[in-house]
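Working through the structure, step by step
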Amino acid sequence: MRVPLIAGNWKMFKTSDEALAFAGDLARRVADAESTEILLCPAFVYISPLVQALRGSGVKVGAQNVFWEDSGAFTGEVSAPMLKSVGARYALVGHSERRQYFHETDETVNRRLFAALKGGLVPIVCVGETLEEREAGKTAAVVETQLRQGLKGLDSNQALSLVVAYEPVWAIGTGRTATPELAQEVHRSIRTTLGNLFGPDASSQIRILYGGSVKGDNVDSLMAQPDIDGALVGGASLDAASFERIIRFKR
Ligand code: PGA
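Conventions adopted
- Residues numbered from 1 in each chain as written.
- Predicted model: local features only at pLDDT ≥ 70, side-chain atom pairs only at ≥ 80, totals over all residues.
- Heavy atoms only, no water.
- 1 Å grid on protein atoms, 1.4 Å probe; cavity = no way out; pocket = protein on both sides within 12 Å on 5 of 7 lines; lining within 4 Å.
- Points joined across faces, edges and corners; volume = space filled by probe spheres on them.
- Helix = DSSP H or I, 4+ residues; strand = E, 2+ residues; numbered from the N terminus.
- Nonpolar A, V, L, I, M, F, W, Y, C, P; charged D, E, K, R; others polar.
- Near = heavy atom within 4 Å.
- Polar contact = N/O pair within 3.5 Å; in protein donor to acceptor, adjacent residues only side chain to side chain.
- Areas by Shrake-Rupley, 256 points an atom, 1.4 Å probe, with all protein chains shown as cover.
- Buried < 20%, exposed > 50% of the residue type's maximum accessible area, 1.4 Å probe, protein only.
- Contact = heavy atoms within 4.5 Å.
- Core = buried A, V, L, I, M, F, W, Y, C linked by side-chain atoms within 4.5 Å.
- Pairing = 2+ DSSP bridges.
- Axes fitted to C-alpha atoms, helices over the stretch in contact; angles between N-to-C directions.
- Salt bridge = Lys/Arg side-chain N within 4 Å of Asp/Glu carboxyl O.

One number sums up the size of the largest pocket: a volume of about 440 Å³. Forming the walls of the largest pocket are 13 residues, and the residues nearest its centre are Lys-11, Met-12, Gln-64, Arg-98 and Phe-102. Ranked by the residues each element gives to the lining of the largest pocket, the list is headed by helix H4 (residues 96-101), at three residues. Here the lining of the largest pocket is built from residues that sort into six nonpolar, four polar and three charged.

A few words now on the site of the ligand. Of all residues adjacent to the ligand, which total 13 residues, the nearest are Lys-11, His-95, Glu-167, Gly-173 and Ser-213. One of the backbone nitrogen or oxygen atoms of Gly-234 is found 2.8 Å away from an oxygen atom of the ligand. At 2.8 Å from an oxygen atom of the ligand is found a main-chain nitrogen or oxygen belonging to Gly-235. When the ligand is considered free in solution it has 280 Å² of accessible area, and contact with the protein chains removes 97% of it. The residue makeup of the shell around the ligand, split by class, is four nonpolar, seven polar and two charged.

Time to look at the environment of Ala-236. With respect to the helices, strands and loops of the structure, Ala-236 is situated in the loop between strand S8 (230-233) and helix H12 (240-247). Assessed through its relative accessible area of 8%, Ala-236 is described here as buried. Considered as a pair, Ala-236 and Gly-216 are 20 residues apart in the sequence and their alpha carbons are 8.1 Å apart. If sequence neighbours within four positions are ignored, Ala-236 has contacts with Val-214, Lys-215, Ser-242, Phe-243 and Ile-246.

It is worth spelling out the nonpolar core at this point. Membership of the largest hydrophobic core comes to 66 residues, with the highest contact counts inside it found for Leu-40, Leu-50, Leu-151, Val-164, Ile-190, Tyr-210 and Phe-243. In contact with Leu-151, other than residues within four places in its own chain, are Asn-110, Leu-113, Val-125, Gln-146, Leu-162, Leu-194, Leu-197 and Phe-198. Counting residues in each nonpolar core, the second largest holds twelve residues, with Leu-5, Leu-39, Tyr-90 and Leu-232 among its members.

A positive phi angle is found at His-103, which is not glycine, with a value near 60 degrees. Tracing the backbone shows His-103 in the loop between H4 and helix H5 (106-118). For Ser-213, which is not a glycine, the phi torsion comes out positive at approximately 55 degrees. Position of Ser-213 among the secondary structure elements: in the loop between strand S7 (207-211) and helix H11 (219-223). Looking at Ser-213, the relative accessible area reads 10%, which means it is buried.

Within the closed barrel, the eight strands sit side by side as S1-S2-S3-S4-S5-S6-S7-S8. Their pairing is parallel. For this sheet the average axis-to-axis angle between neighbouring strands, irrespective of direction, equals 25 degrees. Bridging between strand S1 (residues 5-9) and strand S2 (residues 37-41) involves five bridges; their strand directions are parallel. Within S2, the position partnered with Leu-5 by the bridge is Glu-37. Of the strands in this sheet, strand S4 (90-93) and strand S5 (122-127) touch H5, which is tilted by about 160 degrees from S5. Strands S1, S2 and S8 of the sheet are contacted by H12, whose axis makes an angle of about 155 degrees with S1.

With that settled, consider the pattern of salt bridges. Note that side chains of opposite charge can pair when their charged atoms are close. Overall, the coordinates contain 17 salt bridges when judged by the stated rule. Between Asp-25 and Arg-29 there is a salt bridge whose closest N-O contact spans 3.0 Å. Separated by four residues within a single helix, Asp-25 and Arg-29 lie in helix H1 (residues 16-29), roughly one turn from each other. As a salt-bridge pair, Lys-118 and Asp-70 come within 2.8 Å of each other at their nearest N and O atoms. Here Lys-118, found in helix H5, pairs with Asp-70, found in the loop between strand S3 (59-63) and helix H3 (80-85); they are 48 residues apart in sequence, far enough to count as distant. Accessibility expressed as a relative area gives 64% for Lys-118, which makes it exposed. Take Asp-70: its relative accessible area is 32%, and that puts it in the partly exposed class. Among the ionic contacts, a cluster of salt bridges with common partners joins Arg-2, Arg-188, Arg-191, Asp-227 and Asp-229.

Structure follows, in structure tokens:
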């Protein structure tokens, strides 16, 4: 059984006071939500205080990115051992905003993925097509290439500690969600690709999250799909009540 994972991606939002107030509020709201794994990915600067504020709550904290070297003269970068040392458990890798604005490629995704694994972080590798690619009928091919290149060199054992997030670029922050059927179709093909790469055992255990305008009013129908194992939530994770509603999805 794949334990559902609901992950909030705060992107570049919230001040320190807002982040801490949210943590207290969320911890109270979801104290009894034990069947779902809950993760918050704030800006790097809030990881340590949030880990402390959420200790004992069951809400985990992760990073929005991770550099591929452990240490060195790389001004402005943050490494997996650093993240691990402050209590981060997960790291997003290859979010579409990183690909779009910061020259992330499948090759750098691959380097970050291995750095995360080596450092003891669970990588959440993000894939997804643009609107142009979808309209050209290239969705399956684009996502398959992102997976094959991004996960290159990974073995079946390592694949067990992997999470994949399917985030169609045209659905991120736009209020335009993929229909549950559309999302399921891509999730199914992602699982098929994972099966081809890592075998049926691993592929049946890897969680595949959906991301892109997930809200309280669409999460239930998305989570009802057989290959959707959780959600990566941007905008709706910034408000504790709306994030709680998503965490309390009904299948
Ligand atoms: P959104 O963002 O929920 O605001 O669309 C999702 C994401 O970028 O992870």
